[in-house]
Amino acid sequence: MTCKKILIAPIVICVVLILLPLLIFSGNYVMYQNSDSMYPAILPDDLLIVEQSGIEQVKQGDVIVFETHDEGIEVLVRRAIDVSENNQGILGIDTKGDHEEFHDLWTVYSDDYIGKVVEVNPSSGFLISDYFRYPLVVILAISLVLLVRESIPKKGLEVKELTCLRCGNKWHPRIIGGKVKIPSTCPNKDCRSPYWNKPRSS
Ligand SMILES: [Zn+2]
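Residues numbered from 1 in each chain as written. Predicted model: local features only at pLDDT ≥ 70, side-chain atom pairs only at ≥ 80, totals over all residues. Heavy atoms only, no water.

Visitor: Can you help me understand the packing of aromatic side chains in this one?
Guide: The way to describe two aromatic rings as a pair is by their centre distance and the angle between their planes. One pass over the full model with this rule turns up three aromatic pairs. Measuring from ring centre to ring centre gives 5.1 Å for F126 and F132, while their planes differ by 90°; the resulting arrangement is edge-to-face. Overall, F126 belongs to the partly exposed group, its relative accessible area being 40%. Relative accessible area serves as the criterion here: at 22%, F132 is assigned to the partly exposed category. (Phe/Tyr/Trp six-rings, centres within 6.5 Å; stacked < 30°, edge-to-face > 60°. Buried < 20%, exposed > 50% of the residue type's maximum accessible area, 1.4 Å probe, protein only.)

Right, dumping it as structure tokens:
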């Protein structure tokens, strides 16, 4: 019983820590910065709240988030240094990292644009990082398994005695995994009859 109560604590803590960021930031795109490319405005491990809006809402100087289609980077945070239409009338954004010397070589178009950073939460990126969340999921899973095992009623050791029908010896059998181990011979060293459970035919 006490063991069960001890297991409830990690389960509750893990569920809260896993769900909390999702509940607080629900409806927003949430990410964490993993480089110093936007130093000093945004530091590594800052938690960023991104408002998903149309690209036409972006003004020069906004910090935007977009898809790079680059394996390993995927999503980038950059400052919009120029917002303008190209000669076909398509709106594009030129970007630069605050901490980078040169502006980026690409132009961000509507298809890859995700949104504008509207909130920076210092050092709380770990809340949504895999390094934090995966161990939580593992702890949660182990706790749940232990709780389920703890909840299965254990069969008490059956105290039923066995009796040798040849010598009359009585003994408490060995019980392993809830199963009575039926001996092949009578444990009485003076009997040792393999027929201990068969009555003598007179
Ligand atoms: Zn016996």
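Visitor: In this structure, what is going on with the pattern of salt bridges? I would like to understand it.
Guide: Side chains bearing opposite charge may pair, as long as their charged atoms lie close to each other. Tallied over the entire structure, the rule returns three salt bridges. Two residues, K116 and D62, come together in a salt bridge whose shortest N-O distance is 3.3 Å. With a gap of 54 residues between them, K116 in strand β7 (residues 113–121) and D62 in the loop between β2 (47–51) and β3 (63–67) connect regions that are remote in the sequence. Classification of K116 by relative accessible area gives buried; the value is 14%. (Salt bridge = Lys/Arg side-chain N within 4 Å of Asp/Glu carboxyl O. Helix = DSSP H or I, 4+ residues; strand = E, 2+ residues; numbered from the N terminus.)

Visitor: Help me understand the coordination of the zinc ion in this model?
Guide: Geometry sets the ideal angles at a metal, namely 109.5 degrees for four tetrahedral donors and 90 or 180 degrees for six octahedral donors. Taken together, C164 (SG), C167 (SG), C186 (SG) and C191 (SG) make up the full set of protein donors to the zinc ion, lying 2.2 to 2.5 Å away. One can describe the site at the zinc ion as tetrahedral: its four donor atoms subtend angles covering 105 to 116° at the metal. Every donor residue of the zinc ion comes from the same chain, spaced as C-x2-C-x18-C-x4-C. On the accessibility criterion, C164 (2% relative accessible area) is buried. Using a relative accessible area of 35% as the deciding quantity, one classes C167 as partly exposed. (Donors = N, O, S within 2.8 Å, 3.2 Å for Na, K, Ca; no water. Tetrahedral: all angles 85-135°; square planar, octahedral: opposite > 155°, others 65-115°.)

Visitor: I keep staring at the side chain of Q33 and nothing clicks. Help me out?
Guide: In this fold, Q33 is placed in the loop between β1 (29–32) and β2. By relative accessible area, Q33 is classed as buried at 3%. Engagement of the side chain of Q33 in a polar contact is seen with the backbone oxygen of S35, the distance being 3.4 Å. Beyond its immediate chain neighbours, meaning those up to four positions away, Q33 contacts M38, I42, L43, P44, D45, D46, L48 and V77. (Polar contact = N/O pair within 3.5 Å; in protein donor to acceptor, adjacent residues only side chain to side chain. Contact = heavy atoms within 4.5 Å.)

Visitor: Would you explain the layout of surface pockets in this entry?
Guide: Where empty space is left can be seen by rolling a probe of water-molecule size over the atoms. Taken as a whole, the largest pocket holds about 340 Å³ of empty space. Looking at the largest pocket, it is lined by 16 residues, and the ones nearest its centre are M31, Y32, N34, I73 and V75. Tallied by class, residues from the lining of the largest pocket come to nine nonpolar, five polar and two charged. (1 Å grid on protein atoms, 1.4 Å probe; cavity = no way out; pocket = protein on both sides within 12 Å on 5 of 7 lines; lining within 4 Å. Points joined across faces, edges and corners; volume = space filled by probe spheres on them. Nonpolar A, V, L, I, M, F, W, Y, C, P; charged D, E, K, R; others polar.)

Note that all results are geometric; they support no functional claim without further evidence.
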